[in-house]
Amino acid sequence: ISLDIFLGEFRGLSSSRLFHASNTGSTVRHGFPYQPSALAFDPVQKILAIGTQTGALRLFGRPGVECYCQHDSGAAVIQLQFLINEGALVSALADDTLHLWNLRQKRPAILHSLKFNRERITFCHLPFQSKWLYVGTERGNIHIVNVESFTLSGYVIMWNKAIELSSKSHPGPVVHISDNPMDEGKLLIGFESGTVVLWDLKSKKADYRYTHDEAIHSVAWHHEGKQFICSHSDGTLTIWNVKSPTKPFQTITPHGKQLKDGKKPEPCKPILKVEYKTTRAGEPFIILSGGLSYDTVGRRPCLTVMHGKSTAVLEMDYSIVDFLTLCETPYPNDFQEPYAVVVLLEKDLVLIDLAQNGYPIFENPYPLTIHESPVTCCEYFADCPADLIPAFYSVGARQKRQGYSKKEWPISGGNWGLITQITLQVLYKLKTAKVFEKSRNKDDRPNTDIVDEDPYAIQIISWCPESRMLCIAGVSAHVIIYRFSKQEVTTEMLEVRLLYEINDVETPDGEQVPPVPTPGTGSNPQSIEKMEDTMFCLLSRVKNSPLKQSPGYQIELVIQLVWVSGEPPQQITSLAVNSAYGLVVFGNCNGIAMVDYLQKTVLLNLGTIELYGSNDPYRREPRSPRKTRQPSGAGLCDINEGTVVPEDRCKSPTTKNQLNSLNPCNLLFFLINTDLFSDVKDNSFSRSRSSSVTSIDKESREAISALHFCETFTRKADTSPSPCLWVGTTLGTVLVIVLNLPPGGEQRLLQPVIVSPSGTILRLKGAILRMAFLDTTGSLVPPAHEPWREHNVPEDKDEKEKAKKRRPVSVSPSSSQEISENQYAVICSEKQAKVISLPSQNCIYKQNITETSFVLRGDIVSLSNSICLACFCANGHIMTFSLPSLRPLLDVYYLPLTNMRIARTFCFTNNGQALYLVSPTEIQRLTYSQETCENLQEMLGELFTPVETPEAPNRGFFKGLFGGGAQSLDREELFGESASGKASRSLAQHIPGPGGIEGVKGAASGVVGELARARLALDERGQKLGELEEKTAAMLYSADSFSKHAHEMMLKYKDKKWYQF
């Protein structure tokens, strides 16, 4: 439905790491994290972390700073905890494993892991500036982990010690742990059943126990440590005074209906999370997710912001996974001053500005909208024209929504790489469904049996970056051609059909196609009515009202295949557009069609078998032979201004008696092509076929699988190259069609294009995937193209003269080269590749790519000033071959074909780069270029940057005098081995991580930056040592002087009596 164009700088993965890269985090991933499950934020470093259900870890800093890591186990991430401003992160996984990630290196790696054997992890808490991590379990116990050594302390809080001794029931899993903001020695523990315990760490006993009837989902402190708030499963919030455990200080039902009789409000959905944030100047913020009334069926998920007496309910597009409030201070015992809320949704990331009225959202700078509609096709272009990106950016900027927050994006940590940014940026979005009329009620919706996807889904993209011409093929067998313009235009839409009369359908003689009516001549109404009986309505039809087209890509032509004789049109399997020739060609399993989009005429309309002529290797007969054929150039006839078109000629099952005023400049057409329709099943010929004929039915359904416009030698006797089209089929055949183009300028619009088969046939094993051409130096010969120019601005006389003289841009071999060695054709199929010398058509190189598998994608790309063939096989291997010799360069196992999404989206491009859709929401980018990999370390951005931790809040004179400020705790004294002893070895197993080794590798590869930092540190140390030496020398001199003076004084007063002093 939509086509997104992205700007991408580079990313990477070396060929040596290609085998295991999917498990090391050395690749770069873009898009929204698939199936997110956890969220964390470092308020000092300004870094955001997201964990997923597949064990992935995505880290986001300032726009352009992103990082992807992967846990080897693939278990779901249930919680993330930053070591604030320490460059480290703790992840808790569903397989009861804790991991410590080192973020101080460009490629984060695991330093330590701790696997719990007997208990399941449910909640973790790491106090600010503490090295002791509290871990709550499903059994209700709390263990304490030293994050430096990643070992367990012998100090354990058992559930039966925490709750009332008289209680006979288990309190349930630990759902919350936090220390009192004003007293680190008091730990608040929340159990799922509704019990909350304030535990004294020093005395090892419970100070207070708070009980509630409803289950608890989350707990949050007021910064003064005197109150805390709990969210419950019945949609209520309870606020408790710390020293009043008997009953809540206040109970709130944010979305409950208040009853007049003073009864309790009706129960609501659970409040899954609540946060309690204070401000110096005003009322505190209470922010919560969930809690809606049960009668709000179908209402979207909401985030509720309660500030004083006002309550704002913010609706979200997807379910809320988690949210965090961003505050000015990292200290929990100070006024929090919240300024934004990060909301992690099931398929989106939203930041809400709390400082502005109405709580507007921030404009998200990350490319997280790849999955806005399901991705069905990807193409990757490198080395595009320099003016292309600014052009897309200028038209794409107009598509941006209004009403965003005016503040800068608050997640601003990290630094970009030295050479370039590893980033992806959305430039422009095109919605192709705008041209069709959408169904308005259920009865008009297309049957799901017709297509298994959205009827507007894009299957194939053909794009010419130089001319900016774009062509797409949709799942409903429609083709749309777009032209790029910076001007806004309004186009008159008209649907015109070509209807062929079908006679004697029940006879084996086949069908007869009469000449197409020309303007001014009538058509037989009876034939129109007969055709209507055998044709179904279109799934969607083109709008017949004027269409306003914004700057950017604007529709030039629409082609739609329709149902015939109860059968749907076959999906389009190949597509190509050429701006220099003004042609678009497409094919399916029934045949091929070529359209002149400048003259709006059909040039070629043949079944696949008819392309062979008498050279068919299978000796097949056409399924529906024609008695008469259109001359070349016949098809949809021209409609000029002022031409009277008979009303019956425009009749169709979807547009009856519709005729609008015609504007030849802006007219859009439907080109209906009977050769591309499915074969008629219910006839005597198909029922009476012998078994021998049926056995080759698959061969008769030969599909067009590859198309390539070029300027090359079409026959062996050719002495100069000429424009032509090379056609590849699923049976491994390559056929060549000659194009005879009229001169440029006005003559191009008046004279017809002549299309004729050349008779050249080449054979390969397997379906043809890709074709390209090289000159004698081994350089790629690109297809001819026309430079882009603005078509919606009237040209002056000088421009018209230039247009007449303009020649298509192409690379032709020089006349000094020998005719027998002018060009090489490179053809890649599912099984093998061949290099064929032209015009002699001799196969000079041949390579069998795979015997046991098949090639999914093959591309001829440039790499390190040379050309190579890159292939991705269904068995997961990435292979490259030199050209023209087809010598194997690389063969590594990278990715098995686990689903069709990978096969549909994998593509190569120049400079040793490739990408594919690794999940429904993420693009994986990789490289197989050694040169790029050597520079990769410098390309990567840095997540950790040295930042000073903000000063702790001032306790004040009276609080310091009377002890009213925050109470610190010597946790080492409590949790260290000397005080608490060793933990049981069977409880958890310590696993050293590869982070140390990775850190050494990172330091070695980023040697320039590391040496500079080391040199600076040594200089600082030397300077301090020098200053210390000077001070020591001065002290020695002072000591000597003092000793000398003391000795002199002793001698002076040695013999004197006390009364002589």
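In case you missed it, the structure is sitting above this.
Thresholds applied
- Residues numbered from 1 in each chain as written.
- Predicted model: local features only at pLDDT ≥ 70, side-chain atom pairs only at ≥ 80, totals over all residues.
- Heavy atoms only, no water.
- Helix = DSSP H or I, 4+ residues; strand = E, 2+ residues; numbered from the N terminus.
- Areas by Shrake-Rupley, 256 points an atom, 1.4 Å probe, with all protein chains shown as cover.
- Pairing = 2+ DSSP bridges.
- Axes fitted to C-alpha atoms, helices over the stretch in contact; angles between N-to-C directions.
- Buried < 20%, exposed > 50% of the residue type's maximum accessible area, 1.4 Å probe, protein only.
- Contact = heavy atoms within 4.5 Å.
- Core = buried A, V, L, I, M, F, W, Y, C linked by side-chain atoms within 4.5 Å.
- Arc of directions from axis to C-beta.
- Salt bridge = Lys/Arg side-chain N within 4 Å of Asp/Glu carboxyl O.
- Phe/Tyr/Trp six-rings, centres within 6.5 Å; stacked < 30°, edge-to-face > 60°.

**Q** Whenever I open this one, the overall build of the protein confuses me. Can you help?
**A** Counting secondary structure elements, the protein contains 17 helices and 58 strands. Per element, the accessible surface of the protein, about 49800 Å² overall, is 51% carbon and sulfur.

**Q** Please explain the sheet that holds strand S46 (residues 754–763) as it appears in this structure.
**A** Strand pairing in a sheet is mediated by backbone hydrogen bonds. Such pairs are either parallel or antiparallel. Spatially, S43-S44-S45-S46 is the arrangement adopted by the four strands of the open sheet, whose pairing is antiparallel. Looking at which strands have only one partner, the edges of the open sheet turn out to be strand S43 (704–712) and S46. Shown here is a sheet whose adjacent strand axes are inclined to one another by a mean of 25 degrees, direction ignored. The pairing of strand S44 (residues 722–729) with strand S45 (residues 733–740) spans five bridges and is classified as antiparallel. Looking at the pairing, Leu 725 lines up with Ile 737 of S45.

**Q** Whenever I open this one, the environment of Ala 92 confuses me. Can you help?
**A** You can see Ala 92 is positioned in strand S8 (residues 88–93). Note on Ala 92: relative accessible area 2%, which makes it buried. A sequence separation of 32 residues divides Ala 92 from Cys 124, and the C-alpha atoms of the two residues are 7.8 Å apart. With residues up to four places along the chain from it excluded, the contact list for Ala 92 reads Ala 76, Val 77, Ile 78, Gln 79, Thr 97, Leu 98, Ile 121 and Cys 124.

**Q** It is not clear to me how unusual backbone geometry should be interpreted in this structure. Could you clarify?
**A** With glycine set apart, most residues show a phi of negative sign, and most peptide bonds adopt trans. Omega for the peptide link from Leu 838 to Pro 839 comes to 5 degrees, which places this bond in the cis form. Positive phi, close to 60 degrees, is recorded for Gln 129, a residue that is not glycine. You can call Gln 129 exposed: its relative accessible area is 57%. Even without glycine at this site, Asp 383 takes up a positive phi of about 60 degrees. Following the sequence through the fold, Asp 383 ends up in the loop between strand S29 (349–353) and helix H2 (388–397). Owing to a relative accessible area of 55%, Asp 383 belongs among the exposed residues under this scheme.

**Q** I'm lost on the nonpolar core in this one. Help?
**A** Within soluble globular proteins, side chains that are nonpolar tend to cluster in buried spots. In terms of nonpolar packing, the biggest core is built from 24 residues, with Phe 392, Leu 470, Ile 480, Tyr 482 and Tyr 553 touching the most fellow members. Those elements that provide at least two residues to this core are H2, strand S30 (424–431), strand S32 (458–464), strand S33 (469–474), strand S34 (478–485) and strand S38 (552–560). Among the elements that line this core, the one with the most residues is H2, at four residues. Core analysis: the next-biggest nonpolar cluster, separate from the first, contains 23 residues, Ile 592, Leu 606, Val 727 and Val 753 among them.

**Q** Before we go on, may I ask you to explain H2 in this structure?
**A** An α-helix turns once per 3.6 residues; consequently, residues spaced three or four apart project the same way. Listed as buried for H2 are Leu 388, Ala 391, Phe 392, Val 395 and Gly 396. With its buried residues spanning 125 degrees around the axis, H2 presents them on a single face.

**Q** Just to check I follow, could you spell out the pattern of salt bridges for this structure?
**A** As a working rule, side chains carrying opposite charge can pair if their charged atoms are close by. Overall, the coordinates contain 27 salt bridges when judged by the stated rule. Close ionic contact of Arg 971 with Glu 184 constitutes a salt bridge, the shortest N to O distance being 3.7 Å. Note that Arg 971 is positioned in helix H14 (residues 971–975) and Glu 184 in strand S16 (residues 183–191), a separation of 787 residues in sequence. The buried category is assigned to Arg 971, whose relative accessible area is 7%. A relative accessible area of 24% places Glu 184 in the partly exposed class. For Glu 379, the salt bridge identified is with Arg 857, shortest N-O distance 3.1 Å. One end of the pair, Glu 379, is in the loop between S29 and H2; the other, Arg 857, is in strand S51 (residues 855–863), and 478 residues separate them in sequence. Residue class for Glu 379 comes out partly exposed when judged on its relative accessible area of 31%. The class for Arg 857 is buried, based on a relative accessible area of 11%.

**Q** Sorry if this is basic, but what is going on with the side chain of Ser 929 here?
**A** Summarising the element assignment, Ser 929 is placed in the loop between strand S57 (922–927) and helix H11 (930–934). Beyond its immediate chain neighbours, meaning those up to four positions away, Ser 929 contacts Leu 863, Asn 911 and Gly 912.

**Q** Whenever I open this one, the sheet that holds strand S28 (residues 338–345) confuses me. Can you help?
**A** Spatially, the three strands line up as an open sheet ordered S27-S28-S29, and their pairing is antiparallel. Taken across any chain shown, the strands that pair with only one partner, and hence form the sheet edges, are strand S27 (320–327) and S29. Averaged over all pairs of adjacent strands, the angle between their axes in this sheet comes to 20 degrees, without regard to strand direction.

**Q** So what exactly am I meant to see when it comes to the packing of aromatic side chains here?
**A** Centre-to-centre distance and the angle between the planes together describe a pair of aromatic rings. Applying the stated rule across the entire model yields 26 aromatic pairs. Between Tyr 134 and Phe 975 the ring centres are 6.1 Å apart and the planes differ by 90 degrees, which places this aromatic pair in the edge-to-face class. Taken together, the residues span a long stretch of sequence, with Tyr 134 in strand S12 (residues 132–137) and Phe 975 in helix H14 at a distance of 841 residues. Both residues of the pair, Tyr 134 and Phe 975, belong to the buried class.

**Q** Would you mind going over the pairing of S28 with me for this structure?
**A** A regular strand places its side chains on the two faces of the sheet in alternate fashion. By the criterion of burial, S28 is predominantly enclosed, with eight of the eight residues buried. Pairing geometry for S27 and S28, over seven bridges, is antiparallel. By the bridge assignment for S28, Asp 322 is matched with Leu 344. Across five bridges, S28 lies against S29 in antiparallel orientation. Bridging across to S29, Val 343 finds its partner in Val 350. In this structure, the hairpin formed by S28 and S29 is closed by a connection of three residues.

Read these as layout, nothing more, since geometry by itself doesn't imply function.
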